[in-house]
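Geometric and topological summary
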Amino acid sequence: MFLEKLLAIGMFPYNSEASNTMEQKRILMAKTGLDGHWRGPTIVARALRDAGYEVIMIGMATGEEILRACVDEDVDLVGLNIGGHINVALRAIEAIKKERQSVPIFAGGTITPASARELNALGVEVYPPGSSLTDIVEAADRLTQRKQA
Amino acid sequence: MKKERKYDDMTSAAGIKLKPFYTQTDIPQKHRNFVDSAPGQAPYHRGSHETGYRTKPWRIFQLSGYGKPEDENERIKFLLKNGETGFIMEHDRNTADHCYNVDHPEVLARREDVGLTGAVMQSVRDTAICLDGLPIGTSFGHAGGAVVQHAPFALAAYWTVANRLGYDLRKIAGTGQSDFNLTYLGCITKQQIPTKAGLRLNADIIEFCGKEMPRWVPVSIAGYNGADSGLTPDQELGSLFANAVEYLDEIKKRNSIPLELAAKGCGGVSFRASIRIFEEAAKMRAARLMWGELLSKRYDITEPKIANLRIHCVTAGSKMTYQQPLNNIVRGTLMALSAVLGGVQSLGVSGYDEALSIPSEHAHQMSVRIQQILQEETQLTAVTDPLGGSFYVETLTAELVEKSWEFYEEIQEQGGYLACLDSGWLHTKAAENQHREFMALEQGDQKLVGVTSAMEDISPFEVEGFMGTDDAFDVALNRLNTVKKERHESSATRCLKELEKVCLSENVNIMPAMMDAVAAEVTLGEIGDVFREAFGDWDVPIQL
């Protein structure tokens, strides 16, 4: 596997050696829409796992389902994959803010600049297509306040 | 940590090591004998026919649609007015891909998303609105139905409307796609019938068209959906032909129509045209060569009209960037060029706003304009297979053929294409490549202009993305209730029962019952319920 090779030659910015010494945090990942473009969320989930996170993927989920998983799984961060309209995401964000105020949320996907600004105003960081995986992992570290174990 | 790119370490997307220059001796011996063949003749890599684009320019064929059926109709008419030469009806993915009506709980929970990725068409009435005034008889129409379980409904609705408008079904031309790569690899849905049931439906469509609709391309295997999910060009080719033999073997087993008809039906495929120009052009050439070889060796079919593959191409959506979106006009042009150099019959150029949204009117118009510039100004259409005889391109074509057959064989060793979807083997291959692609960007080995380099942008032109209409859900819900109230209920019930019976039987073609059900105004969600009951759900082999 290519990843292992990268790790072996120490090229990978978030290699598992570093992540072994980090406390384990849990990230919930969900897709708000019913259209199946999985490229973004699966690649991000893999990067987060490689960086030492436990990633709980719940696939296509409604606002209500996202809140329930957030509570049941007691996660430290929620990642939303959005394709187009942000309404389902807004419902999830509102519900999480109400029930689990301390859990931060970030989002990615095909989100128009206007919708991204709307999400930013709610305190949700947005990583559109083209975002660096290193930046996304760094954001997760910052948002979960992950420290050396 | 950035690595210096070494001048002597360049490989193609398929992993073929590229030399700084090529000579005649690089062309493999077997392929050298093919170099001097004429287009339209075996081994076909040189193109579909001698006069090529002079006598038949490629079809300008853009994915299109959103909102209510009338919004989609308007957009299609806009594209046709601007020079599109075929038309594509996109269906709303929330409802269509899942065979749900808008009152399904999963859709209700996302009502704002409805109509964003295609028009909502739940009954033949909706399809009639979408098709109003469109050139069904003179143009090549794409009825939608990209996802396998949705195709029978989408096709039956299109054909029913066409029939009611007085068109002879034996004479109309078009397709519906019904693609396994999309359904089971690239865009996995919340609920989907199992692959085995999907194969049955596709074989039913092939069989039905073989008997009733000779000019229709019953299914169109889309290498695109494998490639944009991560498959390399050789894997795109290998898996496409592995998919094709699943269909053809099934038809052969049924022995109900001449296999030549099925081979002709399966010989309209689509590929992704990506940005590495010569490799992509070589891929189209390799595809034609492989199809001819496959039909001749496996099925003893050598008739040139059948053995010559027809190719539709779509430029790679995933290569379009969110950042500095106007750069995508250049990318679209280059990717289109690769397809045209490869001699494709039909082409769609993804919108420059692809990474932000579905195409705005302007992005759509640009996609058409790019193709018109290529057709009218560049003289690209003057000579068929302009790359023929190039030491480099001929070598690349031959190497791609070899590598692709190797991947095809690997799939057979795994039990065949369907088994590779059911086990997740193909998904793993795609995911590995995708990860490699992202890592190359992350490490700086591959640059992406405007994203990982040249990030400064002084463009005053803001691309906001296109968000469609906001009444698609409300109108669709109203129309759903209306059709259920107004239709002849006992006919609808009888047709639905008959469809159920046919689904449960194993050797009756589903399409006649589907045509009856659609004509009786049975709705999409009701058909989906019958499918789910009869076939069950596919067990997704990967974690999403």
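Residues numbered from 1 in each chain as written. Chains lettered and ligands numbered in written order. Predicted model: local features only at pLDDT ≥ 70, side-chain atom pairs only at ≥ 80, totals over all residues. Heavy atoms only, no water.

Quick look at a nonpolar patch on the surface
Using the following cut-off: What goes into a patch is any residue over 30% in relative accessible area without a salt bridge, connected to like charges within 9 Å or, for nonpolar side chains (Val, Leu, Ile, Met, Phe, Trp, Tyr), within 5 Å. Per-residue and other accessible areas follow the Shrake-Rupley method at a 1.4 Å probe size, with only the shown protein chains counted as cover for residues. The working definition used for a salt bridge is a side-chain nitrogen of Lys or Arg within 4 Å of a carboxyl oxygen of Asp or Glu. Counting from the N terminus, the helices are DSSP H or I runs at least four residues long and the strands are E runs at least two residues long.
Residues I275, V330 and L334 of chain B make up a contiguous nonpolar surface patch of about 220 Å² in total accessible area. Mapped onto the fold, V330 of chain B is located in helix α15 (residues 327-341).

Regarding the domain arrangement of chain B
Think of interface size as the accessible area that goes away when the parts come together; that is how it is often given. Residue and element names in this part refer to chain B. The test is simple: Domain boundaries shown here were taken from an automatic or database domain assignment. Note on contacts: a residue pair is in contact if any heavy atoms of the two residues lie within 4.5 Å. The term buried area means the drop in 1.4 Å probe accessible area that two parts suffer when joined, counted for both and summed. Two N or O atoms form a polar contact when they lie within 3.5 Å of each other; inside protein one atom must be a possible hydrogen donor and the other a possible acceptor, and for residues adjacent in sequence the pair counts only when both atoms belong to side chains. Here the nonpolar group is Ala, Val, Leu, Ile, Met, Phe, Trp, Tyr, Cys and Pro; Asp, Glu, Lys and Arg are the charged ones; every other residue, Gly included, is treated as polar.
As assigned here, chain B comprises domain 1 (1-63 + 271-417) and domain 2 (64-220 + 456-544). Taken residue by residue, the interface counts 25 residues in domain 1 and 29 residues in domain 2. For the domain 1 and domain 2 pair, buried surface summed over both sides reaches about 2,300 Å², with 63% attributable to carbon and sulfur atoms. Looking only at domain 1, the three residues that lose the most surface to domain 2 are F61, L63 and I358, adding up to 26% of its buried area. Our count for the domain 1 to domain 2 interface comes out at 12 residue pairs in polar contact (both at pLDDT 80 or more). Only β1 (59-60) and α16 (361-376) provide two or more residues apiece to the side of domain 1 that touches domain 2. When grouped by side-chain class, the residues that make up the side of domain 1 that touches domain 2 number 12 nonpolar, eight polar and five charged.

Section: the sheet that holds strand β3 (residues 140-142) of chain B
Residues and elements named next belong to chain B. Operational definition: Should DSSP find at least two bridges between two strands, the strands are regarded as paired.
Spatial strand order, β2-β3-β4-β5: four strands in an open sheet with parallel pairing. Two strands close off the open sheet at either side, each with one partner strand: β2 (86-88) and β5 (216-217). Across three bridges, the pairing between β2 and β3 is parallel. Across the sheet, I88 pairs through a bridge with H142, a residue of β3.

Some thoughts on the pattern of salt bridges
Residues and elements named next belong to chain B. Quick note on the threshold: Here the term buried applies to any residue with accessible area under 20% of the maximum for its type, exposed to any over 50%, and partly exposed to those in between, with areas from a 1.4 Å probe on protein chains only.
Applying the stated criterion across every chain, the model contains 38 salt bridges over all chains. For E236, the salt bridge is made with K283, and the minimal N-O distance between the two is 2.6 Å. Taken as a pair, E236 in helix α11 (residues 233-254) and K283 in helix α13 (residues 277-299) lie far apart in primary sequence, 47 residues in all. Using a relative accessible area of 1% as the deciding quantity, one classes E236 as buried. For D385, the salt bridge identified is with R285, shortest N-O distance 2.8 Å. With D385 in the loop between α16 and α17 (391-413) and R285 in helix α13, the pair connects residues that are 100 residues apart, well separated along the chain. With respect to class, D385 is no different from R285; both count as buried.

Description of helix α19 (residues 425-443) of chain B
Residue and element names in this part refer to chain B. The condition that has to hold: Multiply 1.5 Å by the residue count of a helix minus one, and that product is the helix's expected span.
Taking 1.5 Å of rise per residue, 19 residues should cover 27 Å, and α19 covers 27 Å from first to last C-alpha, within 8% of that figure. All of the buried residues along α19 are W425, L426, H427, A430, N433, Q434, H435, F438, M439, E442 and Q443. G444 sits one or two positions beyond α19 and adopts a positive phi of about 85°.

Observations concerning the nonpolar core
Side chains of nonpolar character tend, in soluble globular proteins, to be buried together. As a reminder, the rule being used: Only buried Ala, Val, Leu, Ile, Met, Phe, Trp, Tyr and Cys residues count toward a nonpolar core, and they belong to the same one when joined by side-chain atoms within 4.5 Å.
In this structure, Y158, W159, F241 and F271 of chain B are the most contacted members of the largest nonpolar core, which totals 145 residues. Examining the composition of this core, we find that 11 residues originate from one element, α13 of chain B, more than from any other. Each of domain 1 (1-63 + 271-417) and domain 2 (64-220 + 456-544) of chain B accounts for three or more of the residues forming this core. Ignoring any residue separated from it by four or fewer positions in sequence, one finds W159 of chain B in contact with L169, I172, F208, C209, M213, W216, M511 and M515 of chain B. Membership of the second largest hydrophobic core comes to 26 residues, among which are L67, A89, I105 and L119 of chain A.

Comments concerning the confidence of the model for chain A
Convention followed: Residue-level confidence of the predictor, termed pLDDT, takes values from 0 up to 100.
Mean pLDDT for chain A: 88, with 87% of residues reaching 70 or above. Below a pLDDT of 50 lies the segment residues 1-15 of chain A, which in the model reaches 30 contacts outside its immediate sequence neighbourhood of four places, other chains included.

What to know about the environment of F87 of chain B
All names here are of chain B. The residue F87 is located in strand β2 in this model. Put simply, F87 and H45 are 42 residues apart on the chain and 27 Å apart in space, counted from C-alpha to C-alpha. Setting aside residues up to four positions removed in sequence, F87 forms contacts with F61, I76, L131, L134, P135, S139, F140, G141, H142 and Y158.

As for the interface of chain A and chain B
Opposite the 48 residues of chain A that make contact, chain B presents 43 residues. Of the roughly 3,900 Å² buried where chain A meets chain B, counting both sides, 57% is carbon and sulfur surface. At the boundary of chain A with chain B, the tally comes to three salt bridges. A salt bridge links R91 of chain A to E112 of chain B; the shortest N-O distance between them is 2.9 Å.

Digging into the packing of α11 of chain B against α13 of chain B
Between two packed helices, what matters for the description is the angle formed by their axes and the separation of those axes. Residues and elements named next belong to chain B. Put simply, the rule reads: The angle between two axes is taken between their N-to-C directions and runs from 0 to 180 degrees, where each axis is a line fitted to C-alpha atoms and a helix contributes only its stretch in contact. An angle below 35 degrees is read as roughly parallel, one above 145 as roughly antiparallel, one from 65 to 115 as roughly perpendicular, and any other as oblique. Left-handed is the label given to a crossing in which the near helix is rotated counterclockwise from the far helix by less than a right angle, and right-handed is the label when the rotation is clockwise.
Packing of α11 against α13 leaves a shortest axis separation of 10 Å and a crossing angle of 30°. Classed by the angle they form, the pair α11 and α13 counts as roughly parallel. The way α11 lies across α13 gives a crossing that is right-handed. Of the residues in α13, those in contact with P233, E236, L237, F241, A244, V245, L248, D249 and K252 of α11 are E279, E280, K283, A286, A287, M290, W291, L294, L295, R298 and Y299. Classifying every residue of the contact of α11 with α13 gives 13 nonpolar, no polar and seven charged.

Looking at the layout of surface pockets
All names here are of chain B. Note the cut-off: The pocket and cavity definitions rest on a 1 Å grid over protein atoms only: a 1.4 Å probe that fits but cannot leave marks a cavity, an open set with protein on both sides within 12 Å along at least five of seven lines marks a pocket, and residues lining either have an atom within 4 Å of a point. Grid points are joined across faces, edges and corners, and a volume is the space filled by probe spheres set on the points.
Considered as a void within the structure, the second largest pocket measures approximately 440 Å³ in volume. For the lining of the second largest pocket, the elements supplying multiple residues, two or more each, are α9 (195-212), α11, α21 (489-504) and α23 (524-535). By residue class, the composition of the lining of the second largest pocket is eight nonpolar, three polar and eight charged.

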